[in-house]
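For reference, the chains in residue letters:
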Amino acid sequence: MGEFSAQWLSLREPVDHAARNVQVREAMLADLRKRHGVQLSGLRVLDLGCGSGSNLRALAPLLGEAQHWTLVDYDRALLAAARQALTQWADQVMSEQTDSMRMMRGGIQIDVDFRVADLSGELDSLLSLPVDLVSASALFDLVSSRWVDGFCDVLRAPLYAVLSFDGQMQWEPRHKLDQAVTKAFCAHQVTDKGFGAALGPTSGQYLRNALEQRGFTVTIDKSPWEIEDLPSVFHDMLIDGVAKAVAEIGHLGLTDIDAWLASRRDARRCVIGHDDLYAASP
Ligand SMILES: C[S@@+](CC[C@H](N)C(=O)[O-])C[C@H]1O[C@@H](n2cnc3c(N)ncnc32)[C@H](O)[C@@H]1O
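Residues numbered from 1 in each chain as written. Predicted model: local features only at pLDDT ≥ 70, side-chain atom pairs only at ≥ 80, totals over all residues. Heavy atoms only, no water.

## Details of the overall build of the chain
Point 1. Broken down by element type, the chain carries 10 helices and 10 strands.
Point 2. A compact globule built from 282 residues would reach a C-alpha radius of gyration of about 19 Å, and the chain, at 19 Å, matches this within 12%.
Point 3. Across its three principal axes, the chain shows a C-alpha extent of roughly 55 × 40 × 35 Å.
Point 4. Taking all 282 residues of the chain together, the buried fraction comes to 52%.
Point 5. For the chain, the centre of its 27 positive side-chain charges and the centre of its 38 negative side-chain charges are spaced 3 Å apart. (Helix = DSSP H or I, 4+ residues; strand = E, 2+ residues; numbered from the N terminus. Rg over C-alpha atoms; globule rule 2.2 N^0.38 Å. Buried < 20%, exposed > 50% of the residue type's maximum accessible area, 1.4 Å probe, protein only. Lys, Arg positive; Asp, Glu negative; His and termini not counted. Charge placed at Lys NZ, Arg CZ, Asp CG, Glu CD.)

Right, here's the structure in full:
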């Protein structure tokens, strides 16, 4: 169903984890400790658009004992990949059922429910689950302003939304088509990804405003990918994806796209911008 392959998500996982903004993460942990005590035990987390479970693997080691996670995605293959990746990541899998598992990792017990749901239509029932934190990684740039408004209207828990693309792309050395490619890619980013016209690069700021208007206290800061060990399979897949999107939007001819792609394969460094956000509920 989805356009995100498990291979792509697994390649971006270490880059995502390194990019996460430390101040935003500390703001989240400080607020959660205020609400639940320093041990942060027994937290319930709802992860939206979980893919293969990267967000859990980044966050769970920071939270306390006996966590409960609900991982939501509409892509059954990615939920299966999440189960497989978590099985490998766990020190021990204690029990497994069709839609759930219990594991131990680093002395922490983690219960996981896997839930197939389409966020474009099943949001109210998901957000009515009793949770202490709603999380999402690389999701909010896909959604529309209307969806964010509806989401913020029903959101009652704190929100940790990381790695929303902010429109910045830079390569070293530069190429004369970098700017035109970035502009075309950003135009593709705002096409419909299943939620109406996507917010794309403006999602971080839009989400911030929508949450502040509803009384949330928001911390937002940058979490760029800084990709230096080039060439890499990850970078190859990244620029192939950019070129595909640019070809689809049709602002540049194929000759230009091919020339850009060939030159970017030899780039030394690449920076792709993102926003991380934590919103403390009122
Ligand atoms: C860029 S991936 C991020 C995956 C994961 N959070 C990560 O950081 O690796 C976006 C995820 O959102 C999911 N997604 C997109 N549209 C969705 C929808 N309408 N309902 C549920 N999940 C959706 C995709 O299947 C994919 O797993």
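Let's pick the thread back up.
## Considerations on the site of the ligand
Point 1. Lining the immediate surroundings of the ligand are 18 residues, of which Gly49, Asp73, Asp118, Leu119 and Ser137 lie closest.
Point 2. Within the backbone of tyrosine 74, one N or O atom sits 3.4 Å away from a nitrogen atom of the ligand.
Point 3. The separation between an oxygen atom of the ligand and a polar side-chain atom of serine 137 is 2.6 Å.
Point 4. Calculation on the ligand without its partners gives an accessible area of 590 Å², and the protein chains cover 98% of this total.
Point 5. Looking at the shell around the ligand residue by residue, the class counts come to 10 nonpolar, five polar and three charged. (Near = heavy atom within 4 Å. Polar contact = N/O pair within 3.5 Å; in protein donor to acceptor, adjacent residues only side chain to side chain. Areas by Shrake-Rupley, 256 points an atom, 1.4 Å probe, with all protein chains shown as cover. Nonpolar A, V, L, I, M, F, W, Y, C, P; charged D, E, K, R; others polar.)

## What to know about the packing of aromatic side chains
Point 1. Counted according to the given criterion, the structure contains nine aromatic pairs.
Point 2. Three or more aromatic residues link up through ring pairs in this structure, and these residues are Phe140, Trp147, Phe151 and Phe195. (Phe/Tyr/Trp six-rings, centres within 6.5 Å; stacked < 30°, edge-to-face > 60°.)

## Some thoughts on the packing of helix H7 (residues 178-189) against helix H9 (residues 233-249)
Packed helices, taken two at a time, are described by their axes: the angle between them and the distance between them.
Point 1. One can describe the packing of H7 onto H9 by two numbers: an axis separation of 8 Å at closest approach and a directional angle of 75 degrees. Considered as vectors, H7 and H9 are oriented roughly perpendicular to each other. Packed against H7, whose contacting residues are Val181, Ala184, Phe185, Ala187 and His188, the element H9 presents Val242, Ala245, Val246, Glu248 and Ile249 at the interface.
Point 2. The class makeup of the residues in the contact of H7 with H9 is eight nonpolar, one polar and one charged. (Axes fitted to C-alpha atoms, helices over the stretch in contact; angles between N-to-C directions. Parallel < 35°, antiparallel > 145°, perpendicular 65-115°, else oblique. Contact = heavy atoms within 4.5 Å.)

## Focus on helix H6 (residues 145-154)
Point 1. Listing the buried residues of H6 in full gives Trp147, Val148, Phe151 and Cys152. An end-on view of H6 places all buried positions within 130 degrees of arc, on one side of the element.
Point 2. Looking at the buried residues of H6, the elements they touch are strand S1 (44-48), helix H5 (123-127), strand S6 (133-137), strand S7 (159-172) and helix H8 (203-213). (Arc of directions from axis to C-beta.)

## Section: the pairing of S7
Point 1. Within S7, 11 of the 14 residues are buried, which leaves the element mostly enclosed by the surrounding structure.
Point 2. Judged from the four bridges that link them, S6 and S7 form a sheet pairing that is parallel. In the sheet register, valine 134 faces S7, and the bridge partner there is leucine 159. (Pairing = 2+ DSSP bridges.)

## Remarks on the packing of H9 against helix H10 (residues 254-265)
Point 1. Where H9 contacts H10, the two axes come as close as 10 Å, and the packing angle between them is 165 degrees. Between H9 and H10, the angle falls in the class roughly antiparallel. Crossing hand, H9 versus H10: right-handed. Only Leu254, Ile257, Trp260, Leu261, Arg264 and Arg265 of H10 make contact with H9, whose side of the interface consists of His235, Asp236, Ile239, Asp240, Val242, Ala243, Val246 and Ala247.
Point 2. Split into classes, the residues belonging to the contact of H9 with H10 amount to nine nonpolar, one polar and four charged. (Left-handed = near helix turned anticlockwise from the far one by under 90°.)

## Description of the state of the cysteines
Point 1. In the structure shown here, the tally under the stated rule is zero disulfides.
Point 2. Left unpaired, cysteine 186 is separated from the closest cysteine sulfur, that of cysteine 270, by 13 Å. (Disulfide = S-S within 2.5 Å.)

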